[in-house]
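One-letter residues, chain by chain:
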Amino acid sequence: MSSLSRELVFLILQFLDEEKFKETVHKLEKESAFFFNMRYFEDCVTNGEWDEVEKYLSGYTKVDDNRYSMKIFFEIRKQKYLEALDKRDHARAVEILVKDLKVFSTFNEDLFKEITMLLTLTNFRENEQLSKYGDTKSARAIMLVELKKLIEANPLFRDKLQFPTLKNSRLRTLINQSLNWQHQLCKNPRSNPDIKTLFVDHTCGQPNGARAPSPVTNPLMGSIPKVGGFPPIGAHGPFQPAAAPGPAPLTASLAGWMANPSSVAHQAVSAGPIGLSPSSNAAPMVKRPRTPPTNLAMDYQTADSENVLKRPRPFGISEEVNNLPVNILPVTYPGQSHAHTLYSSEDLPKNVFSDLNQGSTVKSMDFHPVQQTLLLVGTNIGDITIWEVGSRERLASRNFKVWDLGSCSMTLQASLASEYTAAVNRVVWSPDGALLGVAYSKHIVHIYSYHGSDDLRNHLEIDAHVGNVSDLAFSQPNKQLCVITCGEDKLIKVWDAVSGNKQYTFEGHEAPVYSVCPHHKENIQFIFSTAIDGKIKAWLYDNIGSRVDYDAPGHSCTKMAYSADGTRLFSCGTNKEGESHIVEWNESEGSVKRTYHGLGKRSIGVVQFDTTRNRFLAAGDEFQIKFWDMDNVNLLTAINADGGLPASPCLRFSKEGILLAASTNDNGIKILANADGTRLLRSIETRALDAKKVASLAAAKGPIISTFGGSSSTTGTGIVVADRSAPMTAIVGLNGDSSTLADVKPRVADELEKSKIWKLTEMNEPSQLRSLRLPDSLMPIRVVRMIYTNSGGAILALTDNAVHKLWKWQKNERNPTGKATSALPPQLWQPSSGILMTNDIRESNQEDAVPCFALSKNDSYVMSASGGKISLFNMMTFKTMTTFMAPPPAATFLAFHPQDNNIIAIGMDDSSIQIYNVRVDQVKSKLRGHQKRVTGLAFSNVLNVLVSSGADAQLCVWSMDGWEKQASKFLQIPNGHVAKPLGQTRVHFHQDQIHLLVVHGTQIAIYEAPKLECLKQWIPLESSGSITDAVYSCDSQSIYASFEDGSVCILTSTTLQLRCRINHGAYLPTNPSAKVYPVVVAAHPSEPNQFALGLSDGGVHVFEPPEEGKWGSAPALENGAGPTISSATGSDQQPR
């Protein structure tokens, strides 16, 4: 539908609303899908009109359109289901379950089963996740907040949530203007015309009773031809589908590019051009109408001109009507400049905010279309990385690897056999950010699905081209997401982004194709392609062939890009002589409209460029970033970004244009920002909310089952970081399939931490810190395992007698987040049945058992063992779901696979590791490499490895693909120290999932996986006794270590420098007869300065530093002098 038709619909909607046609208004809203009436939607939800809610939504989206739509429909149907259960209407509940909720079982079968189980409960509030479900009214209100956020984040609702700003009765005003215009053209105008109908054009009757000529029945607003050839308002865009099979119609702008367009194709061109300038067959410029023989006058006004040529106002017509322009909708005249929002050069992101160390040469980058601080990067060695540029964190990384070599062509297999490497040529996000594509220098394209945080999943592997795959882009012809690729084999191909099936192959280039640029104008979808010989071609989605054959300026190898609003086309490239050209094209004529000056001559490579804000161009050239105003051919400014740029840096703007990423010559990336971008990035640091953790927080706040994704909100410069992240939440169920965690403070850059020299703080008195011993009505038994729940609102402990204890903090006025805190005591929680979660134990040799457990990511299940069978408990009911793997051998450590909660790694007391699939009750692999029992396991999604540690003080690295051993190394036991024969060695991955914390009774060490290179080692004084446990803080900036003498040491993780020591007297009563010490330490999942200790006497303590403080303090600099270390620092062994 043309923009004129679209605007007419808005005018009709306004008219219907003013005339109180309420039902008709909402029917037209839904059928046109131009405007989503949030107020009407809210009323329907609040009133529980579920059929109307879904019927109205169906005009805009369907259940399976995207994850946001799926979440919207799920929340609505779930609420409907819960209300039926609340009314004890089980028949209705079953009907909803079967008809409405069953569709979601294909996406999350476990969740559907969990929902079905609610039917068996007398009151569904017995399910812990629904325990806070209030009455129907409050539940609908809470859900409505969630739905609004999801709708605002859903790309299908983009530009549909705001009704245009219109003056009252705008349609009536336009009709009056039209009648005024018609009246001016009357041969014998009357001073008081009698207008009785709108069905025909108005004419005043002939004088002396003469008969008036028959009026012409032209459509409203169509009687006066528009400048530039705008189509009648009823037209569905300037191009109509062909009546019979044959060549697809050409767009006006494509036709203008053709040297000798065929007559058939040219006849198919409509009067309305794709481009702003009128096409060659557009209607001629409207001449000034003949002035009637009275003093009637007409005002003229161009689309972007405020100068109105006025003549005396006609008698009897209001000033408001008379001052309206003839050209009711914007019209662009030949030669006039493109209208745009006024920006200054200060709006350019020119200030360096941070540097990211990629580690290899950056070849391509792309900012996420929704979360504008997520940056996708591809390198020359085939690596891809997703960065959170605000916190400088690698969220996810993948190395080049063919997923299914057997299905690849023999040519590719032969190429990989000689050299199993490939460079990344292009990385790009899909329009909604749900998928990302990678084009490699060898044959293949990878499509990943991204579910937020570090959850990056393989989606499609396409053997796309013979040789180099030069470029890749996403497009949506006919609302179907496609992947477009081009390559060294001179072909362009179009693939279905869901199935990977090939849909089109475009042949015609005589040289390798260098780039593709898909675009659409109105309802016409097309693709520009460029080759290394400087040829430009254009294609429609058919098999007719190229519609354009044109030369790039200087026959350069070039890339094309549109401005953000899709109205202006640019290209930039370099030819064989090293001459670079950056130009704007006149689409309707196929000619260069502007050539921008300022690019230098190059000796190698092709200049890179990007566009932003419909206003600026940027290119990497001569070790600088150069900027142009789109409307000025002269260079606007150039910056060197504090130096370190290569000759032609790779550049990429964020969608809003407030951030700019530029590659550096030391394998890094500079992030540049303007004032808005700086505020956004600072907010991530100062508010200490990491984007990858927010979704779980949002889920934890609601009283409903954790389900398909988290809440979301719009993006922008004034954005709240929590809302920023949520749109990309993974599909989550009660089985905890998502890898999203609770919110976490972003880690401070390692460089900043390394520059600090901390003054050791000794804490000997309870007044020096905040601590809380958790209340316990059960028998006090030594705590052997302990963990915070992922939501941060509870602590789970396992005691030596195989009993689990769960403490929960309540959400109230004093604790609005409901998270663990030392300020308020929690409740030792037990279900109403009074049962305890108790592990199976062996009848003999229980003292040799090594208790262990692992918690599912959504806190619903815990897998645990205490020397006997492994038990799976429901954390809400404490019921034992199943038991398996009776000893021998006995489990000594448990870890969930990061990508599949149905797979667990189990360390055994016979030194083996078993990879076990719970769903099929089968051991998939047995890993052997240790000499004594396994005491630690840690997965790295980034490296795709499992690291194990054992009582033999050995570390092993296992590939998660084939489970083969990649490396192994024994710890370096310090001189004078003797390792206990069955001493435990634990491993924990840093947030970057590359650096590894290794904890042994004799030392704390930092290793780098997968080669297991020891980077740092910290050895405590013998007077402290052995290290009993240690763990990273949630931001990986600190290490909390506990000792046999009852003390706790807090170290800086990057340097292993001791900065705070809590002695036992600060939290334990003085009792010489009882030796109490911490056995296990756990770190809060979102509060970096909070940790908990599980003690040998059965107690559990929560620790926090003094109000608004941190553990330890860095001394202030005085008179420019460097920091000094307190003499107390020397009391412990320094790191090596």
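Residues numbered from 1 in each chain as written. Predicted model: local features only at pLDDT ≥ 70, side-chain atom pairs only at ≥ 80, totals over all residues. Heavy atoms only, no water.

**Observations regarding the overall build of the protein**
Inference 1: Across its full length, the protein carries 17 helices and 57 strands.
Inference 2: Evaluated residue by residue, the protein yields a buried proportion of 57% over its 1136 residues.
Inference 3: Of the contacts made within the protein by residues no fewer than 6 positions apart, 56% connect residues no fewer than 24 positions apart.
Inference 4: For the protein, the accessible area works out to roughly 47400 Å², and carbon and sulfur atoms hold 50% of it. (Helix = DSSP H or I, 4+ residues; strand = E, 2+ residues; numbered from the N terminus. Buried < 20%, exposed > 50% of the residue type's maximum accessible area, 1.4 Å probe, protein only. Contact = heavy atoms within 4.5 Å. Areas by Shrake-Rupley, 256 points an atom, 1.4 Å probe, with all protein chains shown as cover.)

**Things to note about the packing of helix H4 (residues 50–57) against helix H5 (residues 67–86)**
Inference 1: Contact geometry of H4 with H5 gives a least axis separation of 11 Å together with a crossing angle of 170°. Taken together, the axis directions place H4 and H5 in an arrangement best described as roughly antiparallel. The segment H4 lies against H5, with Trp50, Val53, Glu54 and Leu57 engaging Ile72, Phe73, Ile76, Arg77, Gln79, Lys80 and Glu83.
Inference 2: A breakdown of the residues in the contact of H4 with H5 according to their chemical character gives six nonpolar, one polar and four charged. (Axes fitted to C-alpha atoms, helices over the stretch in contact; angles between N-to-C directions. Parallel < 35°, antiparallel > 145°, perpendicular 65-115°, else oblique. Nonpolar A, V, L, I, M, F, W, Y, C, P; charged D, E, K, R; others polar.)

**As for the packing of helix H1 (residues 3–18) against helix H9 (residues 170–184)**
Inference 1: The contact between H1 and H9 brings their axes to 8 Å, and the two run at 115°. By the criterion of interaxial angle, the relationship of H1 to H9 is roughly perpendicular. For the pair H1 and H9, the contacting residues are Leu8, Leu11, Gln14 and Phe15 in the first and Arg170, Leu171, Arg172 and Leu174 in the second.
Inference 2: Of the residues belonging to the contact of H1 with H9, the class tally is five nonpolar, one polar and two charged.

**Comments concerning the packing of aromatic side chains**
Inference 1: All told, the structure shown has 29 aromatic pairs when counted by the stated rule.
Inference 2: Seen from their ring centres, phenylalanine 36 and tyrosine 60 are 5.0 Å apart, and the 80° between their planes marks the pair as edge-to-face. You can see phenylalanine 36 sitting in the loop between helix H2 (22–32) and helix H3 (38–46) and its partner tyrosine 60 sitting in the loop between H4 and H5, a full 24 residues away along the chain. Of the two residues examined, phenylalanine 36 and tyrosine 60, each falls in the buried class.
Inference 3: Clustering of aromatic rings is evident, with ring pairs tying together Phe36, Tyr40, Phe41, Tyr56, Tyr60 and Phe157.
Inference 4: For arginine 6, the ring lying beneath its charged end belongs to phenylalanine 34, and the centroid distance is 4.6 Å.
Inference 5: Lysine 808 extends its terminal NZ or CZ atom over the ring of tryptophan 829, reaching a point 4.0 Å from the ring centre. (Phe/Tyr/Trp six-rings, centres within 6.5 Å; stacked < 30°, edge-to-face > 60°. Lys NZ or Arg CZ within 6 Å of the ring centre and 35° of its normal.)

**Quick word on H4**
Inference 1: All buried positions along H4 are accounted for by Trp50, Val53, Glu54, Tyr56 and Leu57. What you see down the axis of H4 is that its buried residues fit within an arc of 160°, all on one side.
Inference 2: Where H4 is buried, its residues meet H2, H3, H5 and helix H8 (136–153). (Arc of directions from axis to C-beta.)

**Some points on the sheet that holds strand E15 (residues 524–531)**
Remark on secondary structure: sheet strands pair via backbone hydrogen bonds, oriented parallel or antiparallel.
Inference 1: Read across the sheet, four strands follow the order E14-E15-E16-E17 without closing on themselves; strand pairing throughout is antiparallel. Pairing within the sheet leaves two strands with one partner each, and these edge strands are strand E14 (513–521) and strand E17 (548–551). The mean inter-strand angle of the sheet, taken between neighbouring strand axes irrespective of direction, is 20°. (Pairing = 2+ DSSP bridges.)

**Things to note about the state of the cysteines**
Inference 1: Scanning the model with the defined rule gives zero disulfides in all.
Inference 2: In this structure cysteine 557 is not part of a disulfide, and its nearest cysteine sulfur, from cysteine 486, lies 10.0 Å away.
Inference 3: The class of cysteine 557 is buried, set by a relative accessible area of 9%. (Disulfide = S-S within 2.5 Å.)

**Comments concerning unusual backbone geometry**
Inference 1: In this model, proline 888 is joined to proline 889 through a cis peptide bond whose omega is -10°.
Inference 2: Along the chain, proline 889 turns up in the loop between strand E38 (880–884) and strand E39 (891–896).
Inference 3: With an omega of 5°, the peptide bond running from alanine 1009 to proline 1010 counts as cis.
Inference 4: The phi angle at alanine 953 is positive, at roughly 60°, despite the residue not being glycine.
Inference 5: Along the polypeptide, alanine 953 turns up in the loop between strand E44 (945–950) and strand E45 (954–959).
Inference 6: The phi torsion at tryptophan 963 lies on the positive side, around 60°, for a residue other than glycine.

**A few points about the pattern of salt bridges**
Inference 1: The final tally for this structure, using the stated rule, is 35 salt bridges.
Inference 2: Between glutamate 109 and lysine 113 there is a salt bridge whose closest N-O contact spans 3.5 Å. You can see glutamate 109 and its partner lysine 113 sitting in helix H7 (residues 109–117), four residues apart, about one turn around the helix.
Inference 3: We classify glutamate 109 as partly exposed; its relative accessible area is 43%.
Inference 4: One salt bridge in this structure joins arginine 652 and aspartate 366, with 2.9 Å as the shortest N-O distance. Residue arginine 652 is found in strand E26 (residues 651–653), and its partner aspartate 366 is found in strand E2 (residues 362–367); the two are separated by 286 residues along the sequence.
Inference 5: With relative accessibility at 6%, the residue aspartate 366 sits in the buried group.
Inference 6: Beyond isolated ion pairs, a larger network of salt bridges with shared partners links Lys71, Glu75, Lys78 and Glu146. (Salt bridge = Lys/Arg side-chain N within 4 Å of Asp/Glu carboxyl O.)

So far we have only geometry, and geometry alone does not tell us how the molecule works.
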